[in-house]
Amino acid sequence: MPGQNQPALATNPVISGFHPDPSVCRVGDDYYLACSSFEYFPGVPLFHSRDLVHWRQIGNVLDRPEQLRLPASMPSSGGIYAPTLRHHDGRFWLIVTNAREGGGNLIVTATDPAGPWSDPIPAPGVPGIDPDLAWDEDGTCWCTVAGVSQVRIDPSTGETYGNPRALWSGGPGAKAPEAPHLYRIGDYWYLLIAEGGTERGHGVSIARGRTPTGPFEPCPANPVLTHRGTDHPVQNTGHADLVRGPDGSWWMVFLGVRPRGGTPGWHVLGRETFLAPVTWEHGWPVVGEVTSDLSALPWPLSPAPVEERRDDFGLSELGPAWISVRDRPAELCTTKERSGWLTLRARGGSLDEPDAVFTGRRQQDLACRARTLVDPSEGRGGLAVRLDERHHYAIEASGTDVRVIARVGSLRTVVAERSVPAGPLVLALTITDPPPPHGPCTGPDVVSLGIEQRDGTFTEFAALDGRYLSTEVAGGFTGRVIGMYAAAGTVHFDWFDYEPLGG
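Only a predicted model underlies this, so the values are computations on that prediction, with no experimental measurement involved. (Residues numbered from 1 in each chain as written. Predicted model: local features only at pLDDT ≥ 70, side-chain atom pairs only at ≥ 80, totals over all residues. Heavy atoms only, no water.)

Okay, the overall build of the protein chain next. In terms of helices and strands, the protein chain carries 1 helix and 36 strands. Taken over the C-alpha trace, the protein chain has a radius of gyration of 23 Å; the compact-globule value for 503 residues is 23 Å, and the two agree within 12%. Principal-axis analysis of the C-alpha atoms places the extent of the protein chain at approximately 75 × 50 × 45 Å. Scored against the burial criterion, the 503 residues of the protein chain give a buried share of 59%. (Helix = DSSP H or I, 4+ residues; strand = E, 2+ residues; numbered from the N terminus. Rg over C-alpha atoms; globule rule 2.2 N^0.38 Å. Buried < 20%, exposed > 50% of the residue type's maximum accessible area, 1.4 Å probe, protein only.)

This part covers the pairing of strand β10 (residues 132–135). Here β10 shows two buried faces, one formed by Asp-132 and Ala-134 and the other by Leu-133 and Trp-135. Here β10 folds back onto strand β11 (residues 141–145) in antiparallel fashion, the turn holding 5 residues, of which Gly-139 has a positive phi close to 90°. (Pairing = 2+ DSSP bridges.)

The full count for this structure, using the stated rule, is 34 salt bridges. A salt bridge links Arg-64 to Glu-66; the nearest nitrogen and oxygen atoms lie 3.3 Å apart. Since its relative accessible area comes to 21%, Arg-64 is described here as partly exposed. Arg-208 serves as the salt-bridge partner of Glu-217, at 3.1 Å between the closest nitrogen and oxygen. In this structure Glu-217 comes out as partly exposed when scored by relative accessible area, which is 37%. Given the relative accessible area of 11%, Arg-208 is considered buried. When salt bridges that share partners are traced, they join Glu-39, Arg-326, Arg-386 and Glu-389 into one network. (Salt bridge = Lys/Arg side-chain N within 4 Å of Asp/Glu carboxyl O.)

What follows concerns the sheet that holds strand β9 (residues 121–122). Judged by pairing direction, the sheet is antiparallel, and its 4 strands sit side by side in the order β6-β7-β8-β9 without closing on themselves. Since the sheet does not close on itself, it has two edges, and those belong to β6 (79–88) and β9, each with one partner.

Ile-395, Val-402, Leu-427, Ile-482 and Phe-496 are the most contacted members of the largest nonpolar core, which totals 39 residues. For this core, the element with the most residues is strand β36 (residues 481–500), which contributes 7 residues. In this structure Val-402 touches Ile-395, Glu-396, Ala-397, Ala-416, Glu-417, Arg-418, Val-420, Leu-425, Leu-427, Ile-451 and Phe-461, once residues within four positions along its chain are discounted. Grouped together as the second largest cluster of nonpolar side chains are 22 residues, Tyr-183, Tyr-188, Tyr-190 and Trp-284 included. (Core = buried A, V, L, I, M, F, W, Y, C linked by side-chain atoms within 4.5 Å. Contact = heavy atoms within 4.5 Å.)

A separate point is the side chain of Asn-12. For Asn-12, the position within the fold is in the segment before β1 (23–27). Among the polar contacts made by the side chain of Asn-12, one reaches the main-chain carbonyl oxygen of Leu-275 at a distance of 2.8 Å. Ignoring sequence-local partners within four residues, the contact set of Asn-12 consists of Phe-274, Leu-275, Val-290, Thr-291, Ser-292 and Leu-294. (Polar contact = N/O pair within 3.5 Å; in protein donor to acceptor, adjacent residues only side chain to side chain.)

We now examine the packing of aromatic side chains. With the rule as written, the count across this model stands at 15 aromatic pairs. Centroid distance Tyr-32 to Phe-92: 5.2 Å. Interplanar angle 80°. Geometry classified as edge-to-face. Here Phe-92 lies in strand β7 (residues 91–99) and Tyr-32 lies in strand β2 (residues 30–34), a separation of 60 residues in the sequence. Arranged with centres 6.0 Å apart and planes meeting at 20°, the rings of Phe-254 and Phe-274 form a pair that is stacked. Taken together, the positions of Phe-254 in strand β20 (residues 250–257) and Phe-274 in strand β21 (residues 272–281) put the pair 20 residues apart, joining distant regions of the chain. The pair Phe-254 / Phe-274 is uniform in exposure class, with both members buried. Between the NZ or CZ atom of Arg-338 and the centre of the ring of Trp-341, over which it lies, the distance is 4.7 Å. Sitting over the face of the ring of Tyr-498, Arg-361 holds its NZ or CZ atom 3.7 Å from the ring centroid. (Phe/Tyr/Trp six-rings, centres within 6.5 Å; stacked < 30°, edge-to-face > 60°. Lys NZ or Arg CZ within 6 Å of the ring centre and 35° of its normal.)

In this structure, the amide linkage connecting Gly-147 to the following residue, Val-148, adopts the cis form with an omega of 10°. Of note, Val-148 is situated in the loop between β11 and β12 (149–154). Here the bond from Thr-263 into Pro-264 is cis, since omega is 15°, no more than 30 degrees from zero. Take Pro-264: it is sitting in the loop between β20 and β21. Its identity is not glycine, yet His-239 carries a phi of approximately 45°, on the positive side. Within the secondary structure layout, His-239 lies in strand β19 (residues 235–244). Owing to a relative accessible area of 4%, His-239 belongs among the buried residues under this scheme. In the Ramachandran plot, Arg-326 falls in the positive-phi region, its phi being about 75° despite a non-glycine side chain.

For the rest of this paragraph, the subject is the UniProt feature "domain: Beta-xylosidase C-terminal Concanavalin A-like" (unreviewed entry) in the protein chain. Following the UniProt record, one finds the feature "domain: Beta-xylosidase C-terminal Concanavalin A-like" (unreviewed entry) at residues 310–499. What you have in residues 310–499 is 2% helix and 54% strand, and the ends, taken at the C-alpha atoms, are 9 Å apart. (UniProt positions renumbered as here; feature names shortened; annotations may be inferred.)

What follows concerns the pairing of β6. For β6, a buried count of 8 out of 10 residues is recorded, marking the element as mostly surrounded by other parts of the structure. Connecting the antiparallel pair β6 and β7 is a turn made up of 2 residues, with Asp-89 showing a positive phi of about 55°.

Right, let's get into the sheet that holds β1. If you trace the 4 strands from one edge of the open sheet to the other, you get β1-β2-β4-β5, paired in antiparallel fashion. Edge positions in the open sheet fall to β1 and β5 (56–62), since each of these has one partner strand only. When strand polarity is set aside, the average angle formed by the axes of neighbouring strands in this sheet is 25°. (Axes fitted to C-alpha atoms, helices over the stretch in contact; angles between N-to-C directions.)

Below is the structure:
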């Protein structure tokens, strides 16, 4: 299974594609990082690194149905929001919000970050979203949430003590103070927050106090990170976490997007994880330039092995990079029914349904190719690029018929349809730059869908404007996911591969 694409040099984003709201912790020489996952199961992808720039996914924190329940009634971009990952007293702690009806904040723990993680401990006394955990010198644990307010908590039971109290909410009139993280650094406690909303106005601000409960004085240079009003290729920068590098220097992980095309610019990969250097001046952090090239870091790089781009489905379980919509019942998604094949059994009638049986991987490259060998003799299904139920493109096979379907908002259209010989066939899609000429209305990319002939030739059925599978059109908090689905009956897939294109 192709996982993190590991370049020869260290580049930003350090974790590409839909990997937002990063939270990082260091344990010895090892780094661990967790991200939001929203309506996808399993939830909370977890990564490991030795150099802060090359990350390998080692699992998902919420990987069992008893840990994570995401009902069909929950809208897309609901679900798992903004984890905080910390290591304390020899144990990993993760607190996160399940933003669905009856969800709330929950805590899980593990001695090995690769898992297994514990069943969730509810924290009903913690209000809101984006919870953070921080321990003071006497072992008292403080939970700080978006808003920004704080309550004392026993993380082993989820019990809170007293009522949440307001701390500091960023700049005067700032929108959406959220993503708080509390740290003891030197003589001060620092409260790092995001503000301005997770769109183009996003930024990071910080305040400090002598105790974890404040009072907090804001940094005179706030926001310490924002790209609002600039032409920087990375925008929406915010939701950050601080960590020390292998040499003791300070660094910040944060989310950002890479909008492309004309006006207003469309980002399609979702919010990605970036890295920037931090220095300290007069007791305040100063965030350095966000550059695409990180190869000149002041410590040795530790690239992870490059994973195979093709998954032949030869293992009994899917790898950690595979995600499904809301759940993944074994009777509907399995590699055990037909040896060396992934079998999907339909539940909804199409990708428009919230209970669609879909299994995919995040699109992590601005230009890429995906292919799969499908046997549709027992059903109907295919290959799709999904943003949500109302925004997706698919090439679908059924018997001797193949068609391209585009769903954009309330419109659903069969764009192209052709007959093909019976039997297994290769469905393919490519995502590339739009052809010239380019202007203010040019979209971010073009999604071409078709079939691959036996000689490897790609026959295009349709080429669709990628802007309609972008956050600026669809809304929400996620990014594109490319994968396979079943819309009727049982559909078998022999292999899937994903290949970056270009530089």
